[in-house]
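# Chains, contacts and geometry: an overview
Below are the chains, spelled out letter by letter.
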Amino acid sequence: VKAIADAAFYNNTLIHLISLKNTQFAHIGRRAFDKCTNLNTVNLYNPHPESFTIGDSAFHGFGANFTIYIPHDTLEEYILAEGWSDYADYFIER
């Protein structure tokens, strides 16, 4: 998988975890995971967030303990990358 379409998983309450291990991943669409109320964990493995884009409100209405795990020493890059700064409060480096 290299991209996730707009609203691809909209209102899907079965999703708890997402792991994007492909470093060639290109895009998460607008509202792709909007209203996934049980989504608590997103694992990102790409150390170059500027190399893949994220649509507006890609993660919105997520679970109570929502966390985005990013590679070690990439916090600044994720905070500065367009679209990703909206999720700065949810980043944890692993």
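For the structure given in this document, a descriptive report is provided here. (Residues numbered from 1 in each chain as written. Predicted model: local features only at pLDDT ≥ 70, side-chain atom pairs only at ≥ 80, totals over all residues. Heavy atoms only, no water.)

### Details of a negative patch on the surface
A cluster of like negative charges, contributed by Glu 50, Asp 73, Glu 76, Glu 77 and Glu 93, occupies part of the molecular surface. Take Glu 76: it is sitting in helix α1 (residues 75-80). (Patch = residues over 30% accessible without salt bridge, like charges linked within 9 Å, V, L, I, M, F, W, Y side chains within 5 Å. Areas by Shrake-Rupley, 256 points an atom, 1.4 Å probe, with all protein chains shown as cover. Salt bridge = Lys/Arg side-chain N within 4 Å of Asp/Glu carboxyl O. Lys, Arg positive; Asp, Glu negative; His and termini not counted. Charge placed at Lys NZ, Arg CZ, Asp CG, Glu CD. Helix = DSSP H or I, 4+ residues; strand = E, 2+ residues; numbered from the N terminus.)

### Regarding the sheet that holds strand β3 (residues 27-28)
One open sheet accounts for three strands, arranged β1-β3-β5; its pairing is parallel. Unpaired on one side and paired on the other, β1 (3-4) and β5 (53-54) mark the two borders of the sheet. Across two bridges, the pairing between β3 and β5 is parallel. Residue pairing across strands places Ile 28 opposite Ile 54, the latter belonging to β5. (Pairing = 2+ DSSP bridges.)

### Digging into the nonpolar core
Ile 28, Phe 33, Leu 39, Phe 59 and Trp 84 are the most contacted members of the largest nonpolar core, which has 24 residues in total. Filtering out sequence-adjacent residues up to four positions away, Phe 33 remains in contact with Ile 4, Phe 9, Ile 15, Ile 18, Ile 28, Leu 39, Ala 58, Phe 59 and His 60. (Core = buried A, V, L, I, M, F, W, Y, C linked by side-chain atoms within 4.5 Å. Buried < 20%, exposed > 50% of the residue type's maximum accessible area, 1.4 Å probe, protein only. Contact = heavy atoms within 4.5 Å.)

### Some remarks on the environment of His 16
Its location among the elements puts His 16 in the loop between β1 and β2 (17-20). For the pair His 16 and Thr 41, spaced 25 residues apart in sequence, the C-alpha separation works out to 6.6 Å. Leave out the neighbours within four places in its chain, and His 16 touches Asn 38, Leu 39, Asn 40 and Thr 41.

### A look at the pattern of salt bridges
By the definition in use, this model includes one salt bridge. A salt bridge links Arg 31 to Asp 34; the nearest nitrogen and oxygen atoms lie 2.6 Å apart. Asp 34 gets classed as buried once you look at its relative accessible area, which sits at 2%.

### Remarks on the sheet that holds strand β6 (residues 67-70)
Here we have four strands laid out as an open sheet, ordered β2-β4-β6-β7, and parallel in their pairing. Two strands close off the open sheet at either side, each with one partner strand: β2 and β7 (91-93). Within the sheet, the average angular offset between the axes of one strand and its neighbour, ignoring direction, is 20°. Pairing of strand β4 (residues 41-44) with β6, which is carried by three bridges, proceeds in the parallel orientation. Residue pairing in the sheet places Asn 43 in a bridge with Tyr 69 of β6. (Axes fitted to C-alpha atoms, helices over the stretch in contact; angles between N-to-C directions.)

### Focus on the environment of His 60
Assignment of secondary structure puts His 60 in the loop between β5 and β6. Considered as a pair, His 60 and Cys 36 are 24 residues apart in the sequence and their alpha carbons are 7.6 Å apart. Excluding its chain neighbours within four sequence positions, the residues that come into contact with His 60 are Phe 33, Asp 34, Lys 35 and Cys 36. Engagement of the side chain of His 60 in a polar contact is seen with the side chain of Asp 34, the distance being 3.1 Å. (Polar contact = N/O pair within 3.5 Å; in protein donor to acceptor, adjacent residues only side chain to side chain.)

So, to be careful, I would describe these as geometric facts and stop short of saying anything about function.
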